[in-house]
Amino acid sequence: MVGRVVAPVRAESGLDGRPGAVLGRYATAAVLVRLADEGARVALVLLAIERTGSAAYGGLLVAALMVPHVVAGPVVGTVADAVRRRRLFYTLALLGYGGVLVAAVAVAAASRPLSVALVGAAGCLAPVMLGGLTSLLRDLVPDRLDRAFGLDATSYNLAGIAGPAIAAVTAGAAGATVATVVLAALVALGALVLWTLPIPDRPARAHHAAAPRRNPLGGVPLLWRRPRLGAVTLASSFGQLGVGAMPVVAALLAGRFQHTSYTGLFLAVASVGGLVGSLWCARYPIRAHPPERVVLACLLATAVPFALVPLVPSVWATLPLFALVGVLNGPLFCAVLAVREQEAPPAAHTQVFTVGAGLKSTAAAAGAALAGALTGSGAGLLLLGMAACQALGAVAGAAVLRLPRRRDADALR
């Protein structure tokens, strides 16, 4: 027999609880912690070179940080879905990420295996900073989710632009160790801002001894039991497989135009385009069409500029195409978040977000690795492959949408 359920307890912060103020504080916290997540990849490579002179060691550290995103995502999501005092859980997880990152820096020169293990531990907490934070919006601003998703997407774009720059500039001025400590401080500051959010505690519940335990992978079957969720996850992962190749392709294009600095210019223009697209969706949410259809349409549209880049003759003709890729990513990402929100059941709400974010990160990393292995094929062929990934994602997503919805109650245990 299940005991009486106590009403949810609202975590009072003592600050302005109006939706606009709450959303502003959430966006601040999200930007701060995601700046650190993006910047850490640059800082770790620079740290490895500074301490040991080995870029390969830096690559190992980045892999240790990134791989757990998808491996630990389901487990972290399950814990976040089960823990009662969520504000405390999220705050401690963020502080733990920053603290473990600093510890990894402290032992980097003395013990490479220990440093890699500590970075891996930080990577296990990273899903909290990505999909985990996004999953809180349902409780923080339930009446403003469309705009909230736009601002959340904006936080990723800002972090993608500024995070690596902060790490590189700080490392150049004061060393990679200081850069990593600065990033950890940003996470700590973000955790303090998050602590001010009115995140409600979960109800206290008396469980019978024979009650079923939560399955740490219980949200994973939802990807094929709920066609809308499966469609956007598969489609966006295919898309990220192509987008992940952008840094490699940008470098090849810069070589073709005989100026290596164009690499950063291409990527910066794409990031700025993404920022514009996300802000546009935050100001003018797309409500006229089902979000899963928006995802498929944006993927098909993104294939076009990728396919056109090999045909244009100059840098200035290439830049608008990269900007268009970024702009289209804004509504695409907001629509993905909307489907996750609509399809995620309460028992696996956070897990759906952390698993989806982990799969996208892994697909992007795989795309970068694949492009690196195929650099001899040239930028033109790689760009056609990136366009094909977008088109295949749209086709695969459309096929999944035609599947019947299956019973999924047992999957959440």
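Please refer to the structure placed before this passage.
Since the model is a prediction, treat every value here as computed from it, not as a measurement.

Novice: Please explain the overall build of the protein as it appears in this structure.
Specialist: When helices and strands are counted, the protein shows 17 helices and zero strands. The C-alpha atoms of the protein give a radius of gyration of 21 Å, which matches the 22 Å a tight globule of 413 residues would have. Dimensions along the principal axes, computed over C-alpha positions, put the protein at roughly 70 × 55 × 40 Å. Looking at the protein as a whole, 51% of its 413 residues are labelled buried. Carbon and sulfur atoms make up 69% of the accessible area of the protein, which amounts to about 17400 Å² in all. Seen as two clouds, the 33 positive and the 16 negative side-chain charges of the protein have centres 3 Å apart.

Novice: I'm lost on the packing of helix H11 (residues 227-243) against helix H16 (residues 349-373) in this one. Help?
Specialist: Each packed pair of helices is defined by two parameters, the angle between the axes and the distance between the axes. One can describe the packing of H11 onto H16 by two numbers: an axis separation of 7 Å at closest approach and a directional angle of 25°. In terms of orientation, H11 and H16 fall into the roughly parallel class. Regarding H11 and H16, the two cross each other, and that crossing is right-handed. Across the interface between the two elements, Leu229, Thr233, Ser236, Ser237, Gln240 and Leu241 of H11 pack against Val352, Leu359, Lys360, Ala363, Ala364, Ala366 and Gly367 of H16.

Novice: Looking at this model, I keep getting lost on the nonpolar core. Mind explaining?
Specialist: Here is a general trend for soluble globular proteins: nonpolar side chains tend to be buried in one another's company. In this structure, Tyr26, Tyr90, Leu94, Tyr97, Leu133, Leu137 and Leu194 are the most contacted members of the largest nonpolar core, which totals 66 residues. Counting residues per element, this core draws most heavily on helix H1 (residues 19-52), which supplies 14 residues. In this structure, Val249, Leu253, Tyr262 and Met386 belong to the second largest nonpolar core, which totals 27 residues.

Novice: What is the right way to look at the packing of aromatic side chains in this model?
Specialist: Both the distance between ring centres and the angle between the ring planes are used here to describe each pair of aromatic rings. Counted by the stated rule, this structure contains six aromatic pairs. Seen from their ring centres, Tyr156 and Phe333 are 5.2 Å apart, and the 85° between their planes marks the pair as edge-to-face. Here the residue Tyr156 occupies a position in helix H8 (residues 145-174), and Phe333 occupies one in helix H15 (residues 315-343), the gap between them amounting to 177 residues. Looking at Phe333, the relative accessible area reads 10%, which means it is buried. Ring geometry for Trp280 against Tyr284: centres 4.7 Å apart, planes inclined by 45°, an arrangement best described as tilted.

Parameters at a glance
Residues numbered from 1 in each chain as written. Predicted model: local features only at pLDDT ≥ 70, side-chain atom pairs only at ≥ 80, totals over all residues. Heavy atoms only, no water. Helix = DSSP H or I, 4+ residues; strand = E, 2+ residues; numbered from the N terminus. Rg over C-alpha atoms; globule rule 2.2 N^0.38 Å. Buried < 20%, exposed > 50% of the residue type's maximum accessible area, 1.4 Å probe, protein only. Areas by Shrake-Rupley, 256 points an atom, 1.4 Å probe, with all protein chains shown as cover. Lys, Arg positive; Asp, Glu negative; His and termini not counted. Charge placed at Lys NZ, Arg CZ, Asp CG, Glu CD. Axes fitted to C-alpha atoms, helices over the stretch in contact; angles between N-to-C directions. Parallel < 35°, antiparallel > 145°, perpendicular 65-115°, else oblique. Left-handed = near helix turned anticlockwise from the far one by under 90°. Contact = heavy atoms within 4.5 Å. Core = buried A, V, L, I, M, F, W, Y, C linked by side-chain atoms within 4.5 Å. Phe/Tyr/Trp six-rings, centres within 6.5 Å; stacked < 30°, edge-to-face > 60°.

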